[in-house]
Number of protein chains: 2
Amino acid sequence: MPEPYVILGHEPLREFAQRMLEGAGVDAEKASLVARSLVEANLRGVDSHGVQLLNFYIEHMRMDCVDLKAAGHVVSESGASMVYSGDNGIGQVVSDVCCDHAIRLANKHGVSLVTVRESNHFGAAAFWARKIARANLIGIVMCNATPLVPPWQGKEPRFGTNPICMALPGAPERSWLLDMATTTVAMGKIFKAHFSGEPSIPHGWAYDSDGVPTTDTGKAVKGMPMPLGGYKGSGLAFMIEILVAVLSGGAMSTQIGGIRIRTQPMRCGQAFLGIEVARYTPVEEFNQRMEWLVSQVKTTPPAPGYDEVLVAGEPEWRHAEYRGRHGIPLSQGVWQELVKTAATVGVAPPPAA
Amino acid sequence: MPEPYVILGHEPLREFAQRMLEGAGVDAEKASLVARSLVEANLRGVDSHGVQLLNFYIEHMRMDCVDLKAAGHVVSESGASMVYSGDNGIGQVVSDVCCDHAIRLANKHGVSLVTVRESNHFGAAAFWARKIARANLIGIVMCNATPLVPPWQGKEPRFGTNPICMALPGAPERSWLLDMATTTVAMGKIFKAHFSGEPSIPHGWAYDSDGVPTTDTGKAVKGMPMPLGGYKGSGLAFMIEILVAVLSGGAMSTQIGGIRIRTQPMRCGQAFLGIEVARYTPVEEFNQRMEWLVSQVKTTPPAPGYDEVLVAGEPEWRHAEYRGRHGIPLSQGVWQELVKTAATVGVAPPPAA
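What you see is a predicted model; the values in this text were computed from it and never measured.

(A) Molecular detail of the packing of helix H4 (residues 91-109) of chain A against helix H5 (residues 125-134) of chain A. All names here are of chain A. The geometry of H4 relative to H5 is characterised by a closest axis approach of 10 Å and an angle of 30 degrees between their N-to-C directions. Judged on the interaxial angle alone, H5 and H4 are roughly parallel. Note on packing geometry: the crossing formed by H4 with H5 is right-handed. Here Gln92, Ser95, Asp96, Cys99, Asp100 and Ile103 of H4 come into contact with H5, specifically with Trp128, Lys131 and Ile132.

(B) Representation of the sheet that holds strand S10 (residues 224-225) of chain B within the structure. All names here are of chain B. Across the sheet, three strands lie side by side as S9-S8-S10; this open sheet has antiparallel pairing. The sheet is open, and its two borders are formed by strand S9 (213-214) and S10, each paired with just one other strand. Alignment of strand S8 (residues 206-207) against S10, held across two bridges, turns out to be antiparallel. From the neighbouring strand, Tyr207 faces S10, where its bridge partner is Met224.

(C) Expanded view of the relation of the copies chain A and chain B. Turning chain A through 180 degrees and shifting it by 0.0 Å along the axis lays it on chain B, with an RMSD of 0.0 Å. Taken together, the turn and the small shift mark the pair as related by a two-fold rotation axis. Among all C-alpha atoms of chain A, that of Gly229 of chain A lies closest to the rotation axis, at 2.4 Å. Residue by residue, 100% of the interface of chain A is reproduced at the interface of chain B, so both copies engage with the same surface.

(D) Looking closely at the domain arrangement of chain A. All names here are of chain A. We note that the domain assignment places domain 1 (5-62 + 318-344) and domain 2 (73-183 + 227-283) within chain A. The C-alpha-based centres of domain 1 and domain 2 are spaced at 22 Å. On the domain 2 side, the residues contacting the 18 residues of domain 1 number 20 residues. Carbon and sulfur atoms make up 67% of the surface buried where domain 1 meets domain 2, a total of about 1600 Å² over both sides.

(E) Looking closely at the packing of aromatic side chains. Tallying each qualifying case throughout the model produces 14 aromatic pairs over all chains. With 4.8 Å between their ring centres and 85 degrees between their planes, Phe127 of chain A and Trp128 of chain A make a pair best called edge-to-face. Neither Phe127 of chain A nor Trp128 of chain A differs from the other in exposure class; each is buried. Three or more aromatic residues joined by ring pairs make a cluster, and in this case those are Phe159 and Phe238 of chain A together with Trp176 of chain B.

Cut-off values and rules
Residues numbered from 1 in each chain as written. Chains lettered and ligands numbered in written order. Predicted model: local features only at pLDDT ≥ 70, side-chain atom pairs only at ≥ 80, totals over all residues. Heavy atoms only, no water. Axes fitted to C-alpha atoms, helices over the stretch in contact; angles between N-to-C directions. Helix = DSSP H or I, 4+ residues; strand = E, 2+ residues; numbered from the N terminus. Parallel < 35°, antiparallel > 145°, perpendicular 65-115°, else oblique. Left-handed = near helix turned anticlockwise from the far one by under 90°. Contact = heavy atoms within 4.5 Å. Pairing = 2+ DSSP bridges. Least-squares fit on C-alpha atoms with pLDDT ≥ 70 in both. Domains from an automatic or database assignment. Buried area = accessible area lost by both parts, 1.4 Å probe. Phe/Tyr/Trp six-rings, centres within 6.5 Å; stacked < 30°, edge-to-face > 60°. Buried < 20%, exposed > 50% of the residue type's maximum accessible area, 1.4 Å probe, protein only.

Here's what the structure looks like:
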């Protein structure tokens, strides 16, 4: 029986990802950026946004649904406001440019909002919010996505998992980082319960295919993820759709393609908000105040059944520390898919640990 | 047996609220602003943020915990960024000035963020987001509040219900308006189940006093409200605390007083974000796109058990239409409390319908 996991160091995994992308026709610099964004997600334990996306990315590229050369263009810039068109370029390439614009405009004005249309999947939002944060800004990043989630009280998908992410400057980045979909859990968590043979999932995770809330894992995998906490999750997803797509003039709701609709360009949108902390308070003071607030939360007596209180980003930081030392475990299923995809672009996998 | 509700037109109710505030020593203009903010919440069906707050407001004022004359001052202004101190003035008075600053700075730069410390309860966030929206901006408003909510996995309160609100310009305001606490439900909804004799509440609403999730209404009323959807609600509350309080240098977490801690100034904070839509897209186009998106959502086939799909703000708009015509129903309990509070400041109630 094979080991359940294949373990690779993050460096060999990044190189493999880069070679696969280059094999698909992506130039070296762009391939390096995409590979780094994916492997960082794996390092942080966010495997849903790690190298397994390459199977989708490369299939999508091979179907000519992504313009491998495009980096997008500025549609309009006015004060701290920008509309950018990704021109169907690679999502990470477009986002990298847009983060730079958000940083430049926030440095000039204190606050900035860049909204982006006609883009593609950009990996995990945290990669971009952290980039903005490294420029001593608060970075807030949002995107819309493939419609998978019904609005509250509806039974057909209208929104993506529309995540929101916020990263902070200066402080050791482990102090706090929020990156959350506006569904109760990602569809991946429901699939994981299914593949692990768990017969039931908690209340509030999913609908069956008729839009009825269910705790039956079998029904949930054929169903849809539930908006976070009900109508509020729907409201947040809608809020993000407005900032990303209504404002940018991009594709909205059912106009978005994506991971489960592979025969057309994705056309998703993103928004990058920058806030220059030093305009409000010195970054060192900001960090001291954050440290106090984090410790207020972490010293809360744990509720029954828990050993400690965690803050947003802490589980991912622990993963990064562990996986940075011990390597990144990929399930056999994900690994075999990757090797298969690599073969389609003439790339051999590295030896796994 | 008395009627369960006292019904007043919104105009007489507003006048009554204003007279009560003037009786407590608030000058006419400020009293008018506070009264309008509270009665607008009642009109929209958000009774938790309506005139019943006068019982707390006036007790707090009579204990000298609020500076009735203060309107706050600008601590710093730099580009589109402002830190404002409310100087312990009335929350609505402070917020009114801060909305004007947010509008002015967004008009100048396209985007603006005003963060406020040493303020007081400002009523419903929607009143302020709508004010910003009437200036053709997207208005996003947040605040921190009395610590009532434990962080995820903790069993003692560290955050308030920390709401986020977003209102849109131009469009008929009924099209979409989000105003949500970052708990699954407000504590008031748990009390309502209790007073209505309902033995159980849904999963995910509340903890008992030991921090164990409960569906027992009796245990929940002695317990704490649960963060929206678990750790994500805690993450959102933390995000808001950062933008409102870490950034402004104001009171954070357990430093906040408030409705349940009446012997000290509240010291809460607020944040007002403005986005000038016309910098991105003409307002008419924005409205057309919103109309399409709202109709996409509203034409989703309803899930079993529902007749229609609603968007954020729609229930409140329907309340406003109905209550504008038929008057505002106040429960006997709320009405008697109000009459008692009015007597302490020498004000007689209007005749109820």
